[in-house]
Amino acid sequence: MTSTPLERLIHFAQATPEAPALTFDSVTLSFSDLDARSGRIASAMLAIGIKAGDRVAIIARNLPAHFELYFGCAKAGAIMLPLNWRLSSFEIQAIISDAEPSLILVAAEFRGLLSPQLQTPQIDLDGGVAAWRDAADLPALEHDVDRNDPVLILYTSGTTGAPKGVTITAHSMSFLVRMAEELFAVTADSVHLLAMPLFHIGGIGCGMWALSQGGHTVLLQQPVPETVIAAISAYGVTHAFFVPAVIQTLVDVPRIDAMNLTSLQRLLYGASPISEALLKRAIAVFGCEFDHTYGMTETTGTAIWLPPKDHDPDGPLAHRLRSCGRALPWVEMILADPATGDPVATGEIGEIRLRSDILMQGYWRKPDETAATVTPDGWLCTGDAAYQDADGYVYIQDRYKDMIVSGGENIYPTEIENVLYDHPGVAQVAVIGVPHERWGETPR
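As the structure is a prediction and not an experimental result, all values here were calculated from the model. (Residues numbered from 1 in each chain as written. Predicted model: local features only at pLDDT ≥ 70, side-chain atom pairs only at ≥ 80, totals over all residues. Heavy atoms only, no water.)

### Quick word on the overall build of the chain
Move 1: A count of helices and strands for the chain gives 13 helices and 24 strands.
Move 2: Scaling as 2.2 N^0.38, a compact globule of 444 residues should have a C-alpha radius of gyration of about 22 Å, and the chain matches this with 22 Å.
Move 3: With respect to the three principal axes, the spread of C-alpha positions in the chain is 70 × 50 × 45 Å.
Move 4: Sequence separation of at least 24 residues holds for 63% of the intrachain contacts in the chain that already meet a minimum separation of 6.
Move 5: In the form shown here, the chain has an accessible surface area of approximately 18900 Å², with 51% of it arising from carbon and sulfur atoms.
Move 6: Of the charged side chains in the chain, 29 are positive and 52 negative; the average position of the first set lies 2 Å away from that of the second. (Helix = DSSP H or I, 4+ residues; strand = E, 2+ residues; numbered from the N terminus. Rg over C-alpha atoms; globule rule 2.2 N^0.38 Å. Contact = heavy atoms within 4.5 Å. Areas by Shrake-Rupley, 256 points an atom, 1.4 Å probe, with all protein chains shown as cover. Lys, Arg positive; Asp, Glu negative; His and termini not counted. Charge placed at Lys NZ, Arg CZ, Asp CG, Glu CD.)

Here is the structure:
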């Protein structure tokens, strides 16, 4: 059975205690440092009455404290709850009311997002957390938290409705360890640049890759293009994950072609569609291997993968660049008729449905929403419309809810957008359906 991120941290704290684990703002924590700090946080939480299953929230831009808290919660049996600081105060209050955290770690700049009437104990991340953490003795924990217990709740609204808390177990998180080792070639010699927000699975989840392999993670607060490029050069970054919007800003950095990016080995991308034109340019600019990862918070990240060998824009299989790849070895996938649940034929469009131990435990305190998303026999209904070719590669067309029905024909906005993106005069485009007197709907 694959180790959990916590088990890997404990292993490397003993095997390579002085190896660099996490660098932020020119300060580096070793594996022994990160293990000790998370142990103190676990002890400090237990000392104020935090119990197994309690939620502990954090609202801040990317900080080492996120990882200290994650591992501290895992050691104490608590559940980490990263809050999205981009949300409104109303949305934050709704999440707090739903999750009912027993403690909140908060950066001063986001204190205004919390209600003045909030009774939950709060710890200041701008100074108070270090004193609180370091005043605690290291706990004598056995690290025997049940792998099927939740360790993380990430709130997502998906594409509709109020935010829902995706509940993720330690067992599901263990697959991130396996991905890093078996798919993404992350080793103890790897340097992973992490700039995606840690309130997303694409941040906190990807953050476990290098940490779980004894490698070095360089944490940035935000993906500022010039800062990202400078960090790649300064730290010899080998791996990074970005959403397409960030990749666009990076290839647009002035004189990017002349900069030293030779340390890069793998650049992973996902979370939203990427235009073929941008992908081809990025491949040319960065000169490293590329991976496309398809997944969702509900799948603890990647579930379908397009490996580097399929990123060949000038080869005979260049059309695979439009694919998100094939299901991972530990993920079952079908394309189903959303009305009946029956699998569709090869080449026909159906809803991507996934089944695996990597899936969420459910939506926090929302059994009806969970039942509407996960079938009784364990299939997660993603809402994504796609077709599969004879080789098993999956080609996403769009979200089912975004599909335009015009004169009885199904039109997927992404197909039109991809064509328009190839025009040199188009920088950004979005296609939506609007009412039409004759056809019912038409693209705009």
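### Some thoughts on the packing of aromatic side chains
Move 1: Counted under the stated rule, the structure contains 10 aromatic pairs.
Move 2: Centroid distance Phe184 to Trp305: 6.3 Å. Interplanar angle 75°. Geometry classified as edge-to-face. Of this pair, Phe184 sits in the loop between α6 (170-182) and β9 (191-194) while Trp305 sits in strand β14 (residues 301-306), placing them 121 residues apart in sequence.
Move 3: With a relative accessible area of 16%, Trp305 lands in the buried category.
Move 4: Counting every residue linked through ring pairs, the aromatic cluster contains Phe184, Trp209, Phe241 and Trp305.
Move 5: One cation-aromatic arrangement involves Arg61 over Trp85; the distance from NZ or CZ to the ring centre is 4.5 Å.
Move 6: For Lys164, the ring lying beneath its charged end belongs to Tyr363, and the centroid distance is 5.2 Å. (Phe/Tyr/Trp six-rings, centres within 6.5 Å; stacked < 30°, edge-to-face > 60°. Buried < 20%, exposed > 50% of the residue type's maximum accessible area, 1.4 Å probe, protein only. Lys NZ or Arg CZ within 6 Å of the ring centre and 35° of its normal.)

### Thoughts on the state of the cysteines
Move 1: Taken as a whole, this structure holds zero disulfides when the rule is applied.
Move 2: Free of any disulfide, Cys206 has its nearest neighbouring cysteine sulfur in Cys288, separated by 15 Å. (Disulfide = S-S within 2.5 Å.)

### Notes on helix α4 (residues 89-99)
Move 1: Restricting attention to buried positions, one finds in α4 the residues Ile92, Gln93, Ile95, Ile96, Asp98 and Ala99.
Move 2: Glu100 sits one or two positions beyond α4 and adopts a positive phi of about 50°.

### Section: the sheet that holds strand β2 (residues 27-30)
Two pairing modes exist for strands in a sheet, parallel and antiparallel, and in both the strands are linked by backbone hydrogen bonds.
Move 1: One open sheet accounts for nine strands, arranged β2-β1-β10-β9-β11-β12-β13-β14-β15; its pairing is mixed. Sheet topology places β2 and β15 (326-327) at the edges, where each strand pairs with a single neighbour.
Move 2: With four bridges joining them, strand β11 (residues 239-242) and strand β12 (residues 266-270) adopt parallel strand pairing. If you follow Phe242 over to β12, its bridge partner there is Tyr269.
Move 3: In the packing of helix α2 (residues 31-47) onto the sheet, the strands contacted are β1 (20-24) and β2, and the crossing angle to β2 comes to about 80°.
Move 4: Helix α11 (residues 276-286) contacts β12 and β13 (289-296) of the sheet and is inclined by roughly 135° relative to β13. (Pairing = 2+ DSSP bridges. Axes fitted to C-alpha atoms, helices over the stretch in contact; angles between N-to-C directions.)

### Considering the pairing of strand β4 (residues 79-82)
Move 1: Of the two faces of β4, the one holding Ile79 and Leu81 and the one holding Met80 and Pro82 are both buried throughout.
Move 2: When strand β3 (residues 55-59) meets β4, the two strands line up parallel, connected through four bridges. Residue Val56 lies in a different strand from β4, and its bridge partner there is Met80.
Move 3: The β-α-β motif built from β3, the intervening helix α3 (residues 64-76) and the parallel element β4 has right-handed crossover chirality. (Right-handed = clockwise from strand over helix to strand, strands pointing away.)

### So, helix α13 (residues 413-421)
Each α-helix winds once per 3.6 residues, and so residues spaced three or four apart point in a common direction.
Move 1: By the burial criterion, the buried members of α13 are Pro413, Thr414 and Glu417. Down the axis of α13, the sector holding all buried residues measures 90°, keeping them to one side. (Arc of directions from axis to C-beta.)

### Focus: the packing of helix α1 (residues 5-15) against α3
Move 1: For the pair α1 and α3, the least separation of the axes is 10 Å and the interaxial angle reads 100°. By the angle between their axes, α1 is roughly perpendicular relative to α3. In contact with Pro5, Leu6 and Leu9 of α1, α3 contributes Tyr70, Phe71, Ala74 and Lys75. (Parallel < 35°, antiparallel > 145°, perpendicular 65-115°, else oblique.)

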